[in-house]
Amino acid sequence: MEFTVGQIAEVLHGEVEGDASQRIDRLAKIEEAQAGALSFLANAKYEPHLYTTGASAVIVSRTQVLHKPVTAALIRVDDPYTSFSALLEFYQQATRTGRRGVEEPAFMGAGSEIGDNHYRGAFSYIGENCRIGRDVVIFPQAYIGDRCVIGDGTIIYAGAKIYAETVIGARCTIHSGVIIGADGFGFAPQPDGSYRTIPQIGNVVLEDNVSVGANATIDCATLGSTLIREGAKIDNLVQIAHNVEIGRHTVVAAQTGISGSTKIGDFCVLAGQTGIAGHISLANRTTVTAQSGVGKSTKTEGILLQGSPAFNLRDSLRANAIFRHLPEIERRLSDLENTKQTPEKS
Amino acid sequence: MEFTVGQIAEVLHGEVEGDASQRIDRLAKIEEAQAGALSFLANAKYEPHLYTTGASAVIVSRTQVLHKPVTAALIRVDDPYTSFSALLEFYQQATRTGRRGVEEPAFMGAGSEIGDNHYRGAFSYIGENCRIGRDVVIFPQAYIGDRCVIGDGTIIYAGAKIYAETVIGARCTIHSGVIIGADGFGFAPQPDGSYRTIPQIGNVVLEDNVSVGANATIDCATLGSTLIREGAKIDNLVQIAHNVEIGRHTVVAAQTGISGSTKIGDFCVLAGQTGIAGHISLANRTTVTAQSGVGKSTKTEGILLQGSPAFNLRDSLRANAIFRHLPEIERRLSDLENTKQTPEKS
Amino acid sequence: MEFTVGQIAEVLHGEVEGDASQRIDRLAKIEEAQAGALSFLANAKYEPHLYTTGASAVIVSRTQVLHKPVTAALIRVDDPYTSFSALLEFYQQATRTGRRGVEEPAFMGAGSEIGDNHYRGAFSYIGENCRIGRDVVIFPQAYIGDRCVIGDGTIIYAGAKIYAETVIGARCTIHSGVIIGADGFGFAPQPDGSYRTIPQIGNVVLEDNVSVGANATIDCATLGSTLIREGAKIDNLVQIAHNVEIGRHTVVAAQTGISGSTKIGDFCVLAGQTGIAGHISLANRTTVTAQSGVGKSTKTEGILLQGSPAFNLRDSLRANAIFRHLPEIERRLSDLENTKQTPEKS
C-alpha cells in the first residue's frame with residue numbers, strides 16, 4: 001500500500017506544506033520514523049523530534065508554530081491525534097481485517113446462515129444451525145460449533161474455537177487461540193476418592209464490543225450462562241471459569257484467573273496475573289493490582305486491592321515496606337530482650 | 001430437542017403429578033427456570049423455589065411433602081439429583097459429543113486405524129501408524145501426530161494438538177487448544193552464554209479417564225514418558241513440564257504450573273495459579289492453596305500447604321494475619337525502644 | 001526405525017564389544033532401559049547401572065574400565081554424552097521433523113514463495129506475499145498471515161498462528177498453539193468509562209534461533225516491532241505484550257508475563273510464573289526467581305531478584321525466613337510490653 005502525501009491530506013481535510021508528491025508506505029512514531037513513513041505530533045513534549053525526524057511527512061496542528069526548519073512535509077489538521085488514529089484504523093482494516101469472500105475449502109453445516117459482506121477463510125468450520133450477522137470476518141481454521149449466534153461486524157481470528165451454543169454480540173474481537181465454551185471444571189468426589197464428571201450444559205454469552213485476547217479461555221456454565229457484559233476487554237491467556245459474570249467495560253489483564261460463579265462488577269480493572277476466588281462478587285470500579293489474590297467479596301465501589309491474600313492497597317504498601325526490613329525488626333526486638341535481661345543479671 | 005413431561009418421566013421410571021403433555025426443551029436451575037424448562041429439587045434449602053418456579057416441570061423425591069400449591073408438573077423419582085444428572089449427561093451427548101461419521105476433507109495417514117462408531121470432523125488430521133479405539137470423537141481441526149495410541153470412547157475437541165507417539169487411555173476428554181507432547185524446555189548452556197537445544201524424544205502417556213482443560217500444555221519427556229495417571233483432572237491453561245508424573249485422581253486447577261521431573265502423588269488437589277518446583281515430589285493427598293509456590297518435597301500424606309514459598313496452612317494463615325499489622329508491630333517496637341531510652345536519659 | 005548395534009557404532013566411529021547384530025529400536029536412560037534400547041554412561045555416578053541395565057547396548061568411553069561382567073553390548077567412543085546427543089538429534093529429526101513435500105489440501109496465497117526442501121502439512125495456510133526460506137517445516141493447521149517473512153530451517157508446529165507481517169529468523173522453533181502478532185492490549189478510556197480500541201499496526205520480529213513454547217503469546221507492537229532477539233528461549237504459556245524487547249539468549253520460563261514496552265536484557269533468566277511490569281528495563285544477566293513480580297527497572301548487571309514485589313534475593317530469603325515466625329515475633333513483643341508494664345504496676 002502506498003499513497004502520496006497529497007492523497008492522505010485530502011482524506012484528512014488537511015493542508016500540505018512541502019512536497020505533496022512524496023510517497024508514504026507506513027506509519028511510525030516521530031522519534032523512530034524513516035523515509036517513507038508518516039508520523040504525527042500531538043504532544044508539545046515531542047516537538048524537538050519534529051526538526052530531526054526522518055519521516056517523509058508529519059501530521060501537525062493547524063496552529064503549530066515552527067521554531068526551526070523542518071525537512072518533512074507537513075499535513076496541517078485540526079486534531080493530529082484523531083487524524084492519525086483514523087489512519088491507524090484504516091491501515092489495520094486495509095491490511096488485516098478487510099478480506100471478504102470465501103476461501104475453499106471452508107465448511108458450513110446444514111441450517112446455518114451468514115449475512116452479507118463476510119469473510120470465511122480456508123479450513124474454517126461453522127457447525128449446524130448457526131445464525132451469523134453481516135460484515136463478520138472468520139479467519140482460517142476458526143471453529144464455530146452448532147447453534148451459535150454471532151452479531152454483525154464481529155472478527156474471529158485464525159484458529160479461535162467456539163463451542164456449540166455460544167452467543168457473541170456485535171463488533172466483538174476474538175483473537176487466535178481463544179477457547180469459548182469448553183466444559184467448566186466440575187467434578188463430584190466419589191467415596192473411593194475418584195471423581196465423576198458433572199456435565200456442563202450451559203453456554204457462554206458475550207455482549208457487544210467485547211474483546212478477547214489470544215489463548216484466553218472462557219468456560220461454559222454448568223447450567224445457564226457464563227456472561228461477559230458489553231465492552232469488557234479480556235487480555236491474553238486469561239481464564240474465566242463456569243458461571244462467572246464480568247461487568248460492563250471491565251478490563252482483565254493477561255494471565256488473570258477468575259474462579260467459578262464469581263461476579264466482577266462494571267468498570268473494574270484486574271491487573272495481570274491476579275486470581276479471584278470462586279463464588280464471590282467484586283463491587284463496581286474495583287481495581288486489583290498485579291499478582292494479587294482476592295478471596296472475599298467487596299461491597300464498596302472504587303476500592304484498590306493488593307496482595308495475596310489481597311487487602312486495601314494503602315495498607316498493603318505499608319506492610320510490604322516493613323516486610324523488607326523484617327530481619328532488622330527481629331534484631332531490634334532481640335536487642336530489647338537483651339537489654340531487659342542484662343539488668344536482671346546485674 | 002423437545003420432549004413431553006410424560007416421556008421424560010417414563011425414561012426416569014418416575015410418576016407424573018400434573019400435566020404430562022407439557023413440552024420441555026431445556027434444563028435449568030429451579031430458581032432461574034422459565035416455561036419450557038425442567039428443573040429439580042434435591043436440597044430442602046431450595047424448597048421455597050418449588051412454589052414460585054417458572055419451570056414447566058420439576059423432578060422431586062417420591063417422599064416430598066408439598067406445603068403450598070405448585071404450578072409446575074412434578075416428576076416423582078427415588079433420587080432427584082441422580083435423575084437430573086442422568087438427563088444432563090444425555091443432553092450433553094445429544095447436543096455436543098454424539099456426532100458420528102467423517103466430514104470431508106479429513107486427513108488420515110498411511111497405516112492408521114480407527115475403531116467403529118467414531119467421528120472425524122472436517123480438517124482433522126491423523127498422522128501415520130496411529131491406533132485409535134472405538135467410539136472415539138475427533139472434532140474438526142484436531143491434530144494427532146504419527147504413531148499415537150488412543151483408547152475407546154476418548155473425546156478430542158476442536159483444534160487440540162497431540163504430538164507424535166502420545167499414548168492416551170480410554171474415556172479421556174481433551175479440550176480445545178490443549179497441546180500434548182511439545183518439547184520439554186531443555187537447553188544446555190554453552191561457554192558463550194548461548195544455549196544448545198537438548199532434543200526431547202520421550203512422549204506423554206495419559207491413562208484412562210483423564211480430563212485436560214482448554215489450552216493446557218503437557219510437554220513430552222526428554223527420555224521416557226511424562227505420565228498423567230488414571231482419573232487425573234487437569235484444568236485450563238495448566239502447564240505440565242517434561243518428565244512430570246501426576247498421580248491417580250489428582251486435581252490440578254487452572255493456570256497451575258508444574259516444573260520438570262516433579263512427581264505429584266495420588267488424590268492431591270492443586271488449586272489455581274500454584275507453582276510446583278522441579279525435581280521434587282509431593283505425597284499423596286497433599287492440598288496446595290491458590291497462588292502458592294511449593295519448592296520442597298513432602299513426605300507426610302494429607303498436608304495442606306499455603307504461600308509462596310509454601311509452608312503448612314495453619315502457620316501460613318497465622319503469619320499472614322500478622323503481616324497485615326506489620327506497621328503496628330513496628331510502632332509498638334519503636335514505643336518500647338523509646339520507653340527504654342527515656343529512663344536512661346533521666 | 002530399527003538399527004543394529006554395529007550400524008550405530010559405525011555412524012559414531014565407535015568400537016563394539018559384544019553382539020554387534022543386536023537390534024536397537026529406541027533410546028533410554030541407563031536405569032530405565034530394557035531390551036531393544038540403547039543407553040549411555042557419561043557420569044561415573046551411574047556406573048553401577050552399567051552392570052544391571054536391561055539395555056541391549058550402552059555407549060561408554062573408550063577408557064571405561066569394567067569392574068563387573070556386563071550383559072549389554074558396549075559401543076566405545078571418545079565422548080559418550082556427545083555421541084548420545086547426536087543420536088537424539090538424529091532420532092528427533094527422523095521421527096518428527098523430517099517430513100517433506102506438500103499434503104493436500106494446503107493453502108498458499110498469491111505472491112507467496114517458499115524455498116526448497118520444505119514441508120507444508122494438510123490444512124496449513126500461508127497468506128499472500130510471504131517470503132519463506134528453504135528447509136522450512138510447516139505442520140498441519142498452522143497459519144501464516146500475509147506478508148510474513150520466515151528464515152531457513154525454521155519449524156512451525158501444528159496449529160501455530162502467525163499474524164500478518166511477522167518476521168521470523170532462521171532455525172527458529174515455534175510450537176503448537178503459539179500466537180504471534182495478535183493485537184497489543186491497548187484501549188483508550190472514554191469519558192463515559194468505556195474504552196476505544198487503539199489500533200495495533202506494528203508487528204513482531206523474532207531473530208535467529210529463537211524457540212517459543214506451546215500456547216505462548218507474543219503481541220504485535222502498537223507501532224514498530226515487538227522484538228525477540230537471537231537465541232532467546234520462551235517457554236509454554238508465556239505472555240509477551242506489545243513493544244516488549246527480549247534480549248539475546250534470554251530464557252523465559254513457563255507462564256511468565258511481560259507487560260507492554262518493557263525491555264529485558266541479554267542472558268537473563270526469568271523463572272516460571274514471574275511477572276514484569278510495563279515500561280521498565282532489566283539489565284543484562286538479571287535472574288528473577290519463580291512467581292516473583294518486578295515493578296522497577298534495574299541497572300546493575302547480574303543481580304538476582306525475588307518476591308512480589310521483588311527485591312534482591314539475599315534480603316528476600318532473610319525476610320521470608322522471619323515471615324514464617326511472625327506469630328512468635330508478635331508474642332515476644334507482647335512479652336516485652338507486659339514486662340515493661342509489670343514494674344510500673346509494682
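Residues numbered from 1 in each chain as written. Chains lettered and ligands numbered in written order. Predicted model: local features only at pLDDT ≥ 70, side-chain atom pairs only at ≥ 80, totals over all residues. Heavy atoms only, no water.

1. Observations regarding the overall build of chain A
Here is the rule: Numbering of helices and strands runs from the N terminus; a helix is a DSSP stretch of H or I covering at least four residues, while a strand is a stretch of E covering at least two. The reference for a compact globule is 2.2 Å times residues^0.38; the radius of gyration itself is calculated from the C-alpha atoms. We call two residues in contact whenever any of their non-hydrogen atoms come within 4.5 Å of each other.
Helix and strand counts for chain A stand at five helices and 40 strands. Over its C-alpha atoms chain A spans a radius of gyration of 27 Å, topping by over 25% the 20 Å that the globule rule assigns to 346 residues. For chain A, the spread of C-alpha atoms along the three principal axes comes to 95 × 70 × 30 Å. Taking the intrachain contacts of chain A between residues at least 6 apart in sequence as the baseline, contacts between residues at least 24 apart amount to 17%.

2. Some points on the relation of the copies chain A and chain C
How we decide: In this comparison the copies share one frame, found by least squares on the C-alpha atoms of residues holding pLDDT of at least 70 in both.
Overlaying chain A on chain C yields an RMSD of 0.1 Å, the required transformation being a rotation through 120° with an accompanying axial translation of 0.0 Å. This pairing of chains is accounted for by a three-fold axis.

3. A closer look at the interface of chain A and chain C
One widely used convention gives an interface's size as the accessible area the parts lose upon coming together. Our working rule: Take the accessible area each of two parts loses on contact, using a 1.4 Å probe, and add the two losses: that sum is the buried area. We define a salt bridge as a side-chain nitrogen of Lys or Arg found within 4 Å of a carboxyl oxygen belonging to Asp or Glu.
Taken together, the contact between chain A and chain C spans 57 residues of the former and 65 residues of the latter. Buried area between chain A and chain C, both sides added, is near 4,900 Å², and the carbon and sulfur share of it is 60%. Taken together, the links from chain A to chain C amount to six salt bridges. Glu128(C) is the salt-bridge partner of Arg99(A), the closest N and O atoms lying 3.9 Å from each other.

4. Quick notes on the interface of chain C and chain B
The interface of chain C with chain B comprises 57 residues on the first partner and 65 residues on the second. Both sides of the chain C and chain B interface together cover about 4,800 Å² of buried area, and 61% of this is carbon and sulfur. Contact with chain B buries surface across chain C, with Phe123(C), Gln291(C) and Arg324(C) losing the most and accounting together for 11% of the total. Joining chain C to chain B, the criterion identifies six salt bridges.

5. Focus: the sheet that holds strand S33 (residues 263-264) of chain B
For clarity, the cut-off: Following DSSP output, two strands are said to pair if at least two bridges run between them.
Read from one edge to the other, the open sheet built from nine strands follows the order S10-S13-S16-S19-S24-S27-S30-S33-S36 (chain B), with strand pairing classed as parallel. One side of each edge strand has no neighbouring strand; the edge strands of this open sheet are strand S10 (113-114) and strand S36 (281-282) of chain B.

6. Notes on the UniProt feature "active site" (unreviewed entry) in chain A
Residues and elements named next belong to chain A. Here is the rule: UniProt positions are given in the numbering used here, feature names are shortened, and annotations may be inferred rather than shown by experiment. As used in this structure description, the phrase polar contact means that two N or O atoms lie within 3.5 Å; if the pair is within protein, one of them must be able to donate a hydrogen and the other to accept it, and residues adjacent in sequence are counted only when both atoms belong to side chains.
The UniProt feature table records "active site" (unreviewed entry) at His242. As for its position among the elements, His242 is in the loop between strand S29 (239-240) and strand S30 (245-246). The residues touching His242, leaving out its near neighbours within four places in the chain, are Gly184, Phe185, Gln200, Asp219, Cys220, Ala221, Thr222, Thr226, Gly260 and Ser261. A distance of 3.3 Å separates polar atoms of two side chains, one belonging to His242 and the other to Asn243.

7. Examining the environment of Asn43(B)
Residues and elements named next belong to chain B. Among the secondary structure elements, Asn43 is positioned in the loop between strand S5 (37-40) and helix H2 (47-50). Taking the C-alpha atoms as reference points, Asn43 and Glu328, separated by 285 residues in sequence, lie 46 Å from one another. A polar contact is formed between the side chain of Asn43 and the backbone nitrogen of Lys45, at a distance of 2.9 Å.

8. Focus: the sheet that holds strand S21 (residues 179-180) of chain B
All names here are of chain B. Pairing within the open sheet is parallel, and its ten strands lie in the order S9-S12-S15-S18-S21-S26-S29-S32-S35-S38. The two strands at the open ends of the sheet, each matched to only one other strand, are strand S9 (107-108) and strand S38 (293-294). Judged from the two bridges that link them, strand S18 (residues 161-162) and S21 form a sheet pairing that is parallel. Bridge assignment links Lys161 to a residue of S21, and that residue is Ile179.

9. Describing the packing of aromatic side chains
Defined as follows: Stacked, edge-to-face and tilted are the three classes for Phe, Tyr and Trp ring pairs, Trp counted by its six-membered ring, which pair at centre distances within 6.5 Å; planes under 30 degrees apart are stacked, over 60 edge-to-face, the rest tilted. Think of it in three bands: with a 1.4 Å probe and only protein chains considered, a residue is buried below 20% of the maximum accessible area for its type, exposed above 50%, and partly exposed in between.
Within this structure, the stated rule accounts for 36 aromatic pairs over all chains. Here Phe311(A) and Phe323(B) contribute two aromatic rings whose centre-to-centre distance is 6.4 Å and whose plane-to-plane angle is 75°, an arrangement assigned as edge-to-face. Within this pair, whereas Phe311(A) is found in strand S40 (residues 310-312), its partner Phe323(B) is found in helix H4 (residues 313-323), the two belonging to separate chains. Each member of the pair, Phe311(A) as well as Phe323(B), is classed as buried. Seen in terms of ring centroids, Tyr119(C) and Phe139(C) are 5.8 Å apart; in terms of plane orientation they differ by 90°. Their pairing is edge-to-face. Residue Tyr119(C) is found in strand S11 (residues 119-120), and its partner Phe139(C) is found in the loop between strand S14 (137-138) and strand S15 (143-144); the two are separated by 20 residues along the sequence. Assigned by exposure class, Tyr119(C) and Phe139(C) land together as buried.

10. Examining the pairing of strand S7 (residues 73-77) of chain A
Working note: regular strand, side chains alternate between the two faces of the sheet. All names here are of chain A. Across the five residues of S7, five count as buried, placing the element largely inside the fold. The pairing of strand S6 (residues 57-61) with S7 spans five bridges and is parallel. Bridge pairing in S7 places Ser61 opposite Val77.

11. Comments concerning the environment of Ala321(B)
Residues and elements named next belong to chain B. Within the element layout of this structure, Ala321 appears in helix H4. Overall, Ala321 belongs to the partly exposed group, its relative accessible area being 41%. Expressed as a C-alpha distance, the spacing of Ala321 and Asp192, which sit 129 residues apart in the sequence, is 48 Å.

12. Considerations on the pattern of salt bridges
Taken as a whole and assessed by the stated rule, the structure comprises 53 salt bridges over all chains. Measuring nitrogen to oxygen at the nearest pair gives 2.8 Å for the salt bridge that ties Arg332(B) to Glu337(C). Taken together, the positions of Arg332(B) in helix H5 (residues 326-345) and Glu337(C) in helix H5 (residues 326-345) put the pair across two chains. One exposure class covers both Arg332(B) and Glu337(C), and it is buried. Between Asp135(C) and Arg134(C) there is a salt bridge, and its shortest N-O distance comes to 3.3 Å. When its relative accessible area of 25% is taken as the criterion, Asp135(C) is described as partly exposed. What you see here is one network of salt bridges that share partners, running through Arg99(A), Glu103(A), Glu128(C) and Asp146(C).

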